[in-house]
Amino acid sequence: MTNFKCPFYLALWACAVLCFASCNNDKKLMLKIEDYANHMVHPDSAIILVDSIFANDHPSEKTVGLLQLFKAKAMFRKYYYTIDIPTGVDSIIASSVAILEKHGDKMRIAEAYAYQGFILGTYYARPAEALFSLERARNVVADVEQPWTNNIVYDELATIYESLDNLDMSIECVKKGLQLQKKFKVTSAIIMGNHNLNVLYDEKNQQDSAEYYFHKVMRDSANFDSTEVPQFYETFGQYYFRHNQLQRAKYYFEQVPLSRNLALVQLYLARIARREHRPKDEQFHMAKSIHIADSLEKTSDWNRFALRRYFRKLAYYYKETGNYRQESKTLEKLDSLNEAAKVYSITVGNKANQMERDYESNLLKVQHRKQVRTMLALIVVVALVLGFLIYVGVRKSLKAVRERLNRAKQKSYQQAYQIGKLKVQMEEMPATLTGKIAEGKLLFENIATGKTTMKDWSRADFDSYISYARFVDRDIFSELDKTHQKLSTKPLIFFYLWKKGMTDSEIARAMEVTNGSIRTMRYNIRKLHK
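These numbers were taken from a predicted model, which means no experiment stands behind them.

## Section: the environment of His484
And then number 1: Its place among the elements puts His484 in the loop between α20 (474–483) and α21 (489–499).
And then number 2: Note: C-alpha distance between His484 and Ile525 (41 residues apart in sequence) is 8.1 Å.

## Comments concerning helix α6 (residues 127–140)
And then number 1: Its 14 residues give α6 an end-to-end C-alpha distance of 20 Å, which sits within 8% of 20 Å, the value for a rise of 1.5 Å per residue.
And then number 2: Turning to α6, its buried residues are Pro127, Ala128, Ala130, Leu131, Phe132, Ser133, Leu134, Glu135, Arg136, Ala137 and Val140.

## Comments concerning the layout of surface pockets
Any empty space left between atoms is shown by rolling a water-sized probe over those atoms.
And then number 1: Taken as a whole, the second largest pocket encloses approximately 470 Å³ of empty space.
And then number 2: Lining of the second largest pocket is provided by 21 residues; of these, Asp202, Asn205, Arg309, Arg312 and Lys313 occupy positions nearest its centre.
And then number 3: Counting only elements with at least two residues in the lining of the second largest pocket, the list comes to α9 (187–203), α11 (232–242), α13 (262–275), α16 (308–321) and α17 (324–392).
And then number 4: Per element, the largest residue contribution to the lining of the second largest pocket is six residues, and it comes from α16.
And then number 5: In terms of residue class, the lining of the second largest pocket is built from seven nonpolar, four polar and 10 charged.

## Details of the environment of Glu320
And then number 1: Considering the arrangement of structural elements, one finds Glu320 in helix α16.
And then number 2: Given the relative accessible area of 27%, Glu320 is considered partly exposed.
And then number 3: Each C-alpha atom of the pair Glu320 and Arg271 lies 9.4 Å from the other, and the pair is 49 residues apart in sequence.

## Comments concerning the packing of aromatic side chains
Both the distance between ring centres and the angle between the ring planes are used here to describe each pair of aromatic rings.
And then number 1: Within this structure, the stated rule accounts for 17 aromatic pairs.
And then number 2: Ring plane angle 85° and centroid distance 5.8 Å describe the contact between Phe76 and Tyr115, whose orientation is recorded as edge-to-face. With Phe76 in helix α3 (residues 61–78) and Tyr115 in helix α5 (residues 106–122), the pair connects residues that are 39 residues apart, well separated along the chain. Taken individually, Phe76 and Tyr115 each receive the classification buried, so the pair is uniform in this respect.
And then number 3: Measuring from centroid to centroid gives 5.0 Å for Tyr212 and Tyr213, while their planes differ by 80°, and the two rings are edge-to-face.
And then number 4: Residue classification places Tyr212 among the partly exposed residues on the basis of a relative accessible area of 47%.
And then number 5: With relative accessibility at 13%, the residue Tyr213 sits in the buried group.
And then number 6: An aromatic cluster of at least three residues, connected via ring pairs, comprises Phe444, Trp457, Phe462, Tyr465 and Tyr468.
And then number 7: In this structure, Arg275 packs its charged tip against the face of Phe241, placed 4.1 Å from the ring centre.

What counts as what
Residues numbered from 1 in each chain as written. Predicted model: local features only at pLDDT ≥ 70, side-chain atom pairs only at ≥ 80, totals over all residues. Heavy atoms only, no water. Helix = DSSP H or I, 4+ residues; strand = E, 2+ residues; numbered from the N terminus. Expected span 1.5 Å × (residues − 1). Buried < 20%, exposed > 50% of the residue type's maximum accessible area, 1.4 Å probe, protein only. 1 Å grid on protein atoms, 1.4 Å probe; cavity = no way out; pocket = protein on both sides within 12 Å on 5 of 7 lines; lining within 4 Å. Points joined across faces, edges and corners; volume = space filled by probe spheres on them. Nonpolar A, V, L, I, M, F, W, Y, C, P; charged D, E, K, R; others polar. Phe/Tyr/Trp six-rings, centres within 6.5 Å; stacked < 30°, edge-to-face > 60°. Lys NZ or Arg CZ within 6 Å of the ring centre and 35° of its normal.

Right, dumping it as C-alpha cells:
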C-alpha cells in the first residue's frame, strides 16, 4: 500500500509544480507583451506575440480582452506619426472594451475606454464616439485611482475640444492633465502640457498667456532632450519665425513629423523662403502646402475643420504677398468652415450625449434584470416558507375574514342610513338657502345704494344679507373663512364691507353704529386673529 501511495503523491506534486510554472510563465509573457505595447520602440513585437498566441493557443475570455487591448495599444503607438492605420483596429479595441467591461476590472476598463477614445479620435475621425469613450474612461475611475491614464485622457479630450473649436473646454482639460502630471514629475509630460496651453492661447489670440507658457516650455526643455517629443518642433519654429530668426525656425519646421499640421508647416517654410528671397523654394513649399491641405480636406469633416488655423495663416500669407483675390477666397472658405464647424460641434456634442444616455439606459436595464432575477428567487423562497404557515392557519384566517365581513356589512348598513338622512337634508337645504338669497338680494342692493341702513334689521335679515353676499362674492368669503372663521355676524359684515373698499364712516352709516363701535370691532378682529 505504501509503495502505491509514493508514486501517486510524486505525480501529484509534479502536476502542481508544472501548473504553477505554467501560470507563472503566462503572467511573465503577459507582462512582457504589455511592456512592448507601452513603448514606441517595440510595438511590432507586441503585435507579433499577440497574433502568435491567438493562432496557437486558446486563452480565456478575459485574457483575450487583455491581449486585444495590448494589440490596439501597440498599433496606436506604431502608427502614431503616420496618416494611415490598418483597418479593423476600432473593432479590436471595441471587442476588448466589451470583454473587459463584462469581467469588471475597473482599471483595465478605464484603460480600454481611453485607448478606444484615442484611436477613434486620432485615426477614424469619429469625435462623438471618441468623446463618449474618453468620458467613460474618466468616469470609471477617479483621478487619484489611476492618474496616469486620466492624464492622457485629459490630453486627448483637449485635442477633440480644440478641433470642435471649444477652446475654453480644451484649456480646462489641459490644465487638469497638468495637475496630474506634476504629481508624477515627468518632465516630458509637463513640457507637453505647457506646449499645448501655448498653442491654445495662441489660437485664442491671447499672446501674453501664449508667451508665458512658451517660455515655460523653453525653460523646462533646456535641460531635457526635446528630440523625445518632436511635437515641440512646430511650436519652436513658430516662435523663432515670429522673432525673425529664420534659420532656427527653418531647422525646427523641417524636423516636424507627419501630422495633420503638416500643411501649416509647409506654409511656414514657404514664408521663410519668401523672406529669404528664394522664390523657387517658396513655390515648392506653397504647392506642397496646398496639396496636403486639399488631401486632408477631402478625407473627413474632422480633418477639414482642423484646417481652419491653416486657412487663417494662408489668408495672411496672401495678404502679405498682395494677392488680395486669393485672400478674399480663403477668408470666404474660412467663414464657411467656421459656420459648418459650429453646426458640426453641436451635432457631435448631441451625439456624444445621446450615446452616454443610451449607455446609462442599457446599464439600468441590466441592473434591473439582475434585481428582477434576485427578487424572483427571493419570492420563490419566501413563498415556499410561507406556504406551510398559510396552510396551517387557513381556518383561523377564514374565520377572521367572515367576522370582518359581518362587521363591514353592519357598517355599510349604518352608512346607508346616514346617507339617506343626508340626502333628505340636502333636498330641503336648497329651498331654504334660495329663499335667504332672494331676501338678501333686496337688502344688499338697498345697502349698496344707500337707500336704507341696518338699524332695524332682525337676525334673519343679517343672515339673508350674508347669504347673498356669500353668493355674489365667493372669493372674499373663501378668504375670510380661512383666516377669520370665528367672527360673529356684525364683525363679519364689517370685515366684508371693509374688503369691498368702504371707509369706516361709510360702514358706520350703513350699519347705523358709531365710529367708536367700528374701532372696537376692528380691534376685536385683530385680537381674535392674533
